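Analysis of the macromolecular model
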Amino acid sequence: MENPAKIQPIIVYLSCPESVVLSCDRDHDGFVSLEELTAFIKTTEQVPSSAPLTPIIVNNYERFDQNHDNRLDFEEFVEMITNDTFLKDFTNLGNRYVKFLVVPVCRTKRITKVQLQRMHTITGMYENEVKFKATDIGMIMLSLIQIILFYTSFKDQLVFKHDKRQQVWRYVTYMFTHNSQFHLFENVAIQLLVGLPLEMVHSWRVLIIYSAGILGGALFQSVIYPYEDLAGGSPGVYSILTAHIATVIMNWREMSQPVVQLIIFGTFSVFDTIYNYITIRNSDEISYISHLGGAVCGLLVGVNILRNLRETNAEKIIWWICIVLYFGIMSTFIGLELRLNLSKGAQPTR
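- In the nomenclature of an unreviewed UniProt entry, the protein chain is known as EF-hand domain-containing protein of Dendroctonus ponderosae.
- Reading the Subcellular location (unreviewed entry) entry of the UniProt record for the protein chain gives the comment "Membrane".

Concerning the overall build of the protein chain
- Scanning the protein chain for helices and strands turns up 16 helices and 4 strands.
- Looking at the 350 residues of the protein chain, the share that counts as buried comes to 43%.
- Counting every atom, the protein chain has about 18,800 Å² of accessible surface; 62% of that belongs to carbon and sulfur.

Examining the environment of H178
- If you trace the backbone, H178 turns up in the loop between α10 (170–173) and α11 (181–202).
- Assessed through its relative accessible area of 3%, H178 is described here as buried.
- Spatially, the C-alpha atom of H178 lies 4.5 Å from that of G232, the residues being 54 residues apart in sequence.
- Within polar-contact distance, the side chain of H178 engages the side chain of N187 at 3.2 Å.

Re the confidence of the model for the protein chain
- Confidence in the prediction for the protein chain averages 77 pLDDT; 71% of positions are at 70 or higher.
- Predicted confidence for residues 344–350 stays below pLDDT 50, and this span has 12 contacts to residues more than four positions away or in other chains.

Things to note about the packing of α11 against helix α13 (residues 234–250)
- In contact at an axis separation of 9 Å, α11 and α13 are set at 30° when each is read in the N-to-C sense. Classified by the angle between their axes, α11 and α13 sit roughly parallel to one another. Every pair of crossing elements has a handedness; the one defined by α11 and α13 is left-handed. Where α11 approaches α13, its residues H183, N187, I190, Q191, V194, G195, L198 and H202 are matched on the opposing element by S234, V237, I240, L241, A243, H244 and T247.
- When the residues that make up the contact of α11 with α13 are grouped by side-chain class, the tally is 7 nonpolar, 8 polar and no charged.

Describing the UniProt feature "transmembrane region" (unreviewed entry) in the protein chain
- UniProt records the feature "transmembrane region" (unreviewed entry) for residues 137–154, 206–224, 236–252, 259–280, 286–305 and 317–336 in the present numbering.
- End C-alpha to end C-alpha, residues 137–154 measures 24 Å, and it is 72% helix and 0% strand.

Some thoughts on unusual backbone geometry
- Its identity is not glycine, yet S203 carries a phi of approximately 55°, on the positive side.
- Mapping S203 onto the fold places it in the loop between α11 and α12 (205–224).

Regarding the packing of aromatic side chains
- All chains considered together, the criterion is met by 7 aromatic pairs.
- Taking 4.9 Å as the distance between ring centres and 15° as the angle between the ring planes, the aromatic pair formed by F271 and Y275 counts as stacked. Residue F271 and its partner Y275 are both found in helix α14 (residues 258–280); the two are separated by 4 residues, about one turn of the helix.
- Exposure remark for Y275: the relative accessible area of 45% places this residue in the partly exposed category.

Conventions used here
- Residue positions are given per chain, counted from 1 along the sequence in the order it is written.
- Per-residue local features are limited, in this predicted model, to residues with pLDDT of at least 70; the limit for side-chain atom pairs, both in listing and counting, is 80 or more; totals at the level of whole chains, interfaces and linings are taken over all residues.
- The side-chain figures draw on all heavy atoms in the structure; neither hydrogens nor water molecules are used.
- UniProt positions are given in the numbering used here, feature names are shortened, and annotations may be inferred rather than shown by experiment.
- Helix and strand definitions follow DSSP, with helices as H or I runs of at least four residues and strands as E runs of at least two, each counted in order from the N terminus.
- Under the scheme applied here, a residue whose accessible area is under 20% of the maximum for its type counts as buried, over 50% as exposed, and between as partly exposed, the area being computed with a 1.4 Å probe on protein chains only.
- The Shrake-Rupley method, run with a 1.4 Å probe, gives the accessible areas here. Residue values count only the displayed protein chains as cover.
- For this analysis, a polar contact is any N or O atom pair within 3.5 Å, provided that within protein one partner can donate a hydrogen and the other can accept it, and provided that sequence-adjacent residues contribute only side-chain to side-chain pairs.
- By definition, pLDDT measures how confident the predictor is in each residue, and it falls between 0 and 100.
- The contact criterion used throughout is that any non-hydrogen atoms of two residues lie within 4.5 Å.
- A fitted line through C-alpha atoms represents every axis, and for helices the fit uses only the stretch in contact; the resulting angles, taken between N-to-C directions, go from 0 to 180 degrees.
- Throughout, the term roughly parallel applies to angles under 35 degrees, roughly antiparallel to angles over 145, roughly perpendicular to angles from 65 to 115, and oblique to all others.
- Throughout, a crossing is termed right-handed when the near helix is turned clockwise from the far one, and left-handed when it is turned anticlockwise from it by less than a right angle.
- Any residue that is not Ala, Val, Leu, Ile, Met, Phe, Trp, Tyr, Cys, Pro, Asp, Glu, Lys or Arg is counted as polar, Gly included; the first ten are nonpolar and the last four charged.
- Stacked, tilted and edge-to-face are the three classes assigned to paired rings of Phe, Tyr and Trp, where Trp is represented by its six-membered ring and a pair needs centres within 6.5 Å; plane angles under 30 degrees give stacked, over 60 edge-to-face, the rest tilted.

Laid out in structure tokens, this is it:
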């Protein structure tokens, strides 16, 4: 087997215990002797072969050689390189080493497997958070309620009607109404396929984003097209789609394929909201402006409330920009809506 490529500093080279054993165990007998460890460190660090190995490493080696046979088996070696004292002593040899996190992966009957990861590139951490919990049923319950209400006679009390703006609950409850079975089950499918994985990581925050998208979609529709009604949960669906963009932005280094996800969700969201609204405007069946309102709110609210697994200074700046934009946009549209409600002579825009 070929020796792994030299990477400096040495701790960056130690990506997992198995690879280190293979690198140090030059005679492939399943054990790491003091001489093999010495040769490995000198070779990786590119120091003269005559340079003495620091007594700190020798002392640690002897301390973890529990059976005193002058060689370390796999269990002894793993215990040594993951020991806090050893890592601290090794780091103190100079400024050549970087800090790492020791993340437990799993435990077998006899061996504790560990994975050493750099603090600055924790690729895959986000995917490790995708776990279904008993509380992650928000999207499921929402979809069930929408299906049940579709086959009842409550639509007239819930749909958003332009001439009943004073019934403020309609700005949100229209999400429970749909104009057709295709409209309903299309939204339900996206809510479950896209929203549920998001909910597995971010829990209750997804429902808040969905509601924010619903409210934003109603305001965009009511202000720009004040003589049209609105039904369906599509603005909430688009808020979930752009919430995925938000979590990619805020967890870029923690994701395995951030570019792919950004392209997929970004292309679909931009094309089906901005492009369609510019080229088609609103139609009798589809309110593209409400889709756009939901998408905008989903992105801005998503950046602000979705989990950020490891916050950076740049992400803090993005967070403040998004919160200012969100409250600025919502304040503007709420003000325009209040003015529209008080106005007696508003005219249609189309």
